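# What the coordinates show
One letter stands for each residue in the lines below.
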Amino acid sequence: MDGTIVFTDSANNFAYQEALLKHNIAASDSLYNKDRITREDIAKLFIDEKLVNSICNYKNLIYCKFLSETKIHTNLLRYLQSLKNDNSIYIVTKANKERASSIINYHNLNGVFDKIFFLKNHSNKYQFVIDSLNLKPDKTIVFENDIKELYCALLAKVSLENMFLVTMESQS
């Protein structure tokens, strides 16, 4: 979901930067120059797992303050809405459930999707959903911003011509 239907990098980075400041830590240039700050980036900077958890927990707590920094991928949204009458539309995400739900609610996207799957701990989220819903992989279309996740879709037998890499540039 992050980086696919909604671009969230700015909100994410602002929340991490504020969380670091709350812990009296100035973000390094290496963090400011990243497209998206991740938990792994924070963990690389600090050995103390307790501190990393505290920073990340605070980031999640304040994330909603920055929802106005998230942007809908309007072209993709229009396309999904055009498919809605004849197809089921699902979000399959590894994003934090609370954060993802707040983004969906903020942008009034609830009516667009038939179901949302929050699958943070699944190695192949696409295989899980295809199996759970008894979907035909060759009739499944995947929009994804992560090459590794597209590979998982391929392993789940989604046909290559039904997979689309989504980028910020595809918004224009």
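As the structure is a computational prediction, the values presented were derived from the model and not from experiment. (Residues numbered from 1 in each chain as written. Predicted model: local features only at pLDDT ≥ 70, side-chain atom pairs only at ≥ 80, totals over all residues. Heavy atoms only, no water.)

For the structure shown, the criterion picks out eight salt bridges. Close ionic contact of Arg-36 with Asp-2 constitutes a salt bridge, the shortest N to O distance being 3.3 Å. Taken together, the residues span a long stretch of sequence, with Arg-36 in the loop between α2 (29-32) and α3 (39-45) and Asp-2 in the segment before β1 (6-7) at a distance of 34 residues. Of the charged contacts in the structure, one is a salt bridge between Glu-49 and Arg-39, with a shortest N-O distance of 3.2 Å. Taken together, the residues Glu-49 in helix α4 (residues 49-62) and Arg-39 in helix α3 connect sequence positions 10 residues apart. (Salt bridge = Lys/Arg side-chain N within 4 Å of Asp/Glu carboxyl O. Helix = DSSP H or I, 4+ residues; strand = E, 2+ residues; numbered from the N terminus.)

For Asn-24, which is not glycine, the phi dihedral falls at a positive 60 degrees. Inspection of the secondary structure assignment puts Asn-24 in the loop between α1 (9-22) and α2. Although it is not a glycine, Asn-108 adopts a positive phi angle of roughly 55 degrees. Within the element layout of this structure, Asn-108 appears in the loop between α6 (97-106) and β4 (115-118). A relative accessible area of 66% means that Asn-108 is categorised as exposed. (Buried < 20%, exposed > 50% of the residue type's maximum accessible area, 1.4 Å probe, protein only.)

Within the span of helix α8 (residues 147-155), buried status applies to Glu-149, Leu-150, Cys-152 and Ala-153. Projected down its long axis, α8 carries its buried residues within an arc of 155 degrees, all on one side. For α8, the exposed residues set more than 90 degrees away from the buried face come down to Ile-147 and Lys-148. A side-chain oxygen of the first residue of α8 lies 2.8 Å from the backbone nitrogen of Lys-148; this N-cap is Asp-146. Positive phi shows up at Lys-157, right after α8, with a value of about 75 degrees. (Arc of directions from axis to C-beta. Polar contact = N/O pair within 3.5 Å; in protein donor to acceptor, adjacent residues only side chain to side chain.)

Take the pairing of strand β3 (residues 90-93) next. Note that β3 and β4 share four bridges and pair parallel. The residue bridging Thr-93 from the neighbouring strand is Phe-118, located in β4. Handedness of the crossover joining β3 and β4 through α6: right-handed. (Pairing = 2+ DSSP bridges. Right-handed = clockwise from strand over helix to strand, strands pointing away.)

Next up on the list: the packing of α1 against α4. As a packed pair, α1 and α4 sit with axes 8 Å apart at the nearest point and diverge in direction by 125 degrees. Taken together, α1 and α4 sit at an angle that is classed as oblique. Where α1 crosses over α4, the two elements pack in a sense that is right-handed. Between α1, through Asn-12, Ala-15, Tyr-16, Glu-18, Ala-19, Leu-20 and Lys-22, and α4, the contact on the second element is made entirely by Ile-55, Cys-56, Tyr-58, Lys-59 and Ile-62. In terms of residue class, the contact of α1 with α4 is built from eight nonpolar, one polar and three charged. (Axes fitted to C-alpha atoms, helices over the stretch in contact; angles between N-to-C directions. Parallel < 35°, antiparallel > 145°, perpendicular 65-115°, else oblique. Left-handed = near helix turned anticlockwise from the far one by under 90°. Contact = heavy atoms within 4.5 Å. Nonpolar A, V, L, I, M, F, W, Y, C, P; charged D, E, K, R; others polar.)

Here we take up the nonpolar core. Within the largest apolar cluster, 24 residues are counted, with the highest numbers of intra-cluster contacts made by Met-1, Ile-5, Leu-109 and Phe-113. Of all the secondary structure elements, the ones that give two or more residues to this core are α1, α5 (74-83) and α6. Residues within four places of Ile-5 in sequence aside, it is in contact with Lys-71, Ile-72, His-73, Leu-76, Leu-77, Leu-80 and Phe-113. (Core = buried A, V, L, I, M, F, W, Y, C linked by side-chain atoms within 4.5 Å.)

A few words now on α6. Within α6, the full set of buried residues consists of Arg-99, Ala-100, Ser-102, Ile-103 and Ile-104. Looking at the packing, one finds that the buried side of α6 touches β1, α4, β3 and β4. In this structure Asn-96 caps α6, since a side-chain oxygen of it lies 3.0 Å from the backbone nitrogen of Glu-98.

By themselves, these are just geometric observations and shouldn't be taken as functional.
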